[in-house]
Amino acid sequence: MNFGGVNETVVTREEFPLDKARQILQGETIAVLGYGVQGPGQSLNLRDNGFNVIIGQRPGKTYDKAVADGWVPGETLFSIEEAARRGTIVMCLLSDAAVLSVWPTIKAGLKPGDALYFSHGFAITWPDRTGVVPPTDVDVIMVAPKGSGATVRSLYLEGRGINASYAVEHDATGRALERTLALGIGIGSGYLFETTFHREAISDLTGERGALMGAIQGLFAAQYEVLREHGHTPSEAFNETVEELTQSLMPLVAAKGMDWMYANCSTTAQRGALDWKDPFHDAIKPVMERLYESVRSGHEAQISIDSNSKPDYREHLNEELRQMRESELWRTAETVRKLRPENN
């Protein structure tokens, strides 16, 4: 397909139907390790699509959730060690920190000809930092859905499919690519975009820290604070910063693009946006360059590894999230959301 003048490889469900995926993975045991973020959506979709799936999960609340979803202890639900041993395709859907801690266990369960599957390139891209070096006699593959595990599941249940990236890092069997595509179709992907582990990991970490999450929160907070400091009320500052963007303008951008959204705003908004987009671009791009280099060098990966490995990581995370949640900006959001038309 052509993307802005650049041709890329994209696989669709029409050219790679579900029946073909089932045929390719016939006789395989797909072991999904981890039932946290991506695990439920991908495993349930695979199960519903007729594949042979088992779960590997430690005891606890997440294990209980797997039982509630119909996975049977001793039949389709096992320890991580047992599931890794039983699987011919080992889908490593644990958090990055968890992968590091249980990698020796996962590696011990891999057999020649198995496939080791990831949904994120992190562990493989920085092996000097993660210690994840797969055996040379297994396929190393990836399907990375472009959304949360909950979205993977909800879009599937709606009869739609989430877009995903795919990559083959190592082809030990000569079947790595067909296994990858079959799994991508099996988890419910609509379109599969070719990438590499390295490119996926760097773009993913940059996006999370940039426009997807980090930059947008920084932008929201900065504009809200300026409006409040100059006498605007909380509701006014929030509506002009967050509410109109998320509820009105972003749906237009998603449907038709930024130019179409500009064309459907007032002439005053058009002129101001066109005049100010370049100053914002020029101010932000150096920050994005610094961010990209921090990701590319592995510095961000190391920060994540060090932080997530601390025994009190969860306590510190919850405190940072509490501070954000209890800020005036997001407490205002609670009231504004109640006033949306669908809630009245």
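Refer to the preceding data block for the structure.
Note that the structure is predicted; figures quoted are calculated from it, not measured.

Criteria and thresholds
Residues numbered from 1 in each chain as written. Predicted model: local features only at pLDDT ≥ 70, side-chain atom pairs only at ≥ 80, totals over all residues. Heavy atoms only, no water. Salt bridge = Lys/Arg side-chain N within 4 Å of Asp/Glu carboxyl O. Buried < 20%, exposed > 50% of the residue type's maximum accessible area, 1.4 Å probe, protein only. 1 Å grid on protein atoms, 1.4 Å probe; cavity = no way out; pocket = protein on both sides within 12 Å on 5 of 7 lines; lining within 4 Å. Points joined across faces, edges and corners; volume = space filled by probe spheres on them. Helix = DSSP H or I, 4+ residues; strand = E, 2+ residues; numbered from the N terminus. Nonpolar A, V, L, I, M, F, W, Y, C, P; charged D, E, K, R; others polar. Core = buried A, V, L, I, M, F, W, Y, C linked by side-chain atoms within 4.5 Å. Contact = heavy atoms within 4.5 Å. Phe/Tyr/Trp six-rings, centres within 6.5 Å; stacked < 30°, edge-to-face > 60°. Lys NZ or Arg CZ within 6 Å of the ring centre and 35° of its normal. Pairing = 2+ DSSP bridges. Right-handed = clockwise from strand over helix to strand, strands pointing away. Axes fitted to C-alpha atoms, helices over the stretch in contact; angles between N-to-C directions. Parallel < 35°, antiparallel > 145°, perpendicular 65-115°, else oblique. Left-handed = near helix turned anticlockwise from the far one by under 90°.

**Describing the pattern of salt bridges**
Using the criterion set out here, one finds 20 salt bridges in the structure. Of the charged contacts in the structure, one is a salt bridge between Asp 69 and Lys 65, with a shortest N-O distance of 3.1 Å. For Asp 69, a relative accessible area of 24% gives the class partly exposed. Asp 114 is paired through a salt bridge with Lys 111; the nearest N and O atoms lie 3.1 Å apart. The exposure class of Lys 111 is partly exposed, given its relative accessible area of 32%. Each member of the salt-bridge network shares a partner with another, and the members are Glu 28, Asp 139, Arg 175, Glu 178 and Arg 179.

**Digging into empty space enclosed by the protein**
With the rule as written, the count across this model stands at 1 cavity of 30 Å³ or more. Elements represented by at least two residues in the lining of the largest cavity include exactly α5 (96–109) and α15 (299–308). Across the lining of the largest cavity, the residue classes break down as 4 nonpolar, 2 polar and 1 charged.

**Description of the nonpolar core**
Formed by 32 residues in total, the largest nonpolar core has its most connected members in Ile 30 and Met 91. For this core, the leading source of residues is helix α9 (residues 176–186), giving 5 residues. What Ile 30 contacts, discounting residues up to four positions off in sequence, is Leu 25, Leu 46, Phe 51, Asn 52, Val 53, Ile 54, Ile 89, Met 91 and Leu 183. Residues Ala 31, Ile 54, Val 90 and Val 99 belong to the second largest nonpolar core, which totals 27 residues.

**Some details on the packing of aromatic side chains**
According to the stated counting rule, one finds 6 aromatic pairs in the structure shown. Where Phe 220 meets Trp 330, the ring centres are 6.1 Å apart and the plane angle is 65°; that geometry is what we call edge-to-face. You can see Phe 220 sitting in helix α11 (residues 214–229) and its partner Trp 330 sitting in helix α17 (residues 328–338), a full 110 residues away along the chain. Given a relative accessible area of 9%, Phe 220 falls into the buried group. For the ring pair Trp 276 and Phe 280, a centre distance of 6.3 Å and an interplane angle of 55° mean the geometry is tilted. Linking Trp 276 with Phe 280, this pair stays in helix α14 (residues 267–296), spanning 4 residues, or about one helical turn. We classify Trp 276 as exposed; its relative accessible area is 56%. For Phe 280, a relative accessible area of 45% translates into the label partly exposed. Ring pairing ties together the aromatic residues Phe 220, Phe 238 and Trp 330, which thus form one cluster. Sitting over the face of the ring of Trp 71, Arg 47 holds its NZ or CZ atom 4.3 Å from the ring centroid.

**Some thoughts on the pairing of strand β7 (residues 89–92)**
The alternating pattern of β7 places Ile 89 and Met 91 and Val 90 and Cys 92 on opposite faces, both of which are buried. In this structure, strand β4 (residues 30–33) lies alongside β7, joined through 4 bridges in parallel fashion. Counterpart to Val 32 in the pairing with β7 is Met 91. For β7 and strand β8 (residues 115–118), the ladder comprises 4 bridges, and the chain directions are parallel. Opposite Val 90, over in β8, you have Leu 116 as the bridge partner. In this view, the connection linking β7 to its parallel neighbour β8 by way of α5 has right-handed handedness.

**Details of the packing of helix α10 (residues 197–209) against α14**
Contact geometry for α10 and α14: axes closest at 9 Å, N-to-C directions at 135°. In terms of orientation, α10 lies oblique with respect to α14. Judged by the sense of rotation from one axis to the other, the crossing of α10 with α14 is right-handed. Facing Ile 202, Leu 205, Thr 206 and Arg 209 of α10, the residues of α14 in contact are Met 288, Leu 291, Tyr 292, Val 295 and Arg 296.

**What about the layout of surface pockets?**
Counted as a void, the second largest pocket has a volume near 1,400 Å³. If you go around the second largest pocket, you meet 29 residues; those closest to its centre are Leu 219, Gln 223, Leu 245, Met 258 and Phe 280. Those elements that provide at least two residues to the lining of the second largest pocket are α11, α12 (234–256), α13 (258–263) and α14. In terms of residue class, the lining of the second largest pocket is built from 18 nonpolar, 7 polar and 4 charged.

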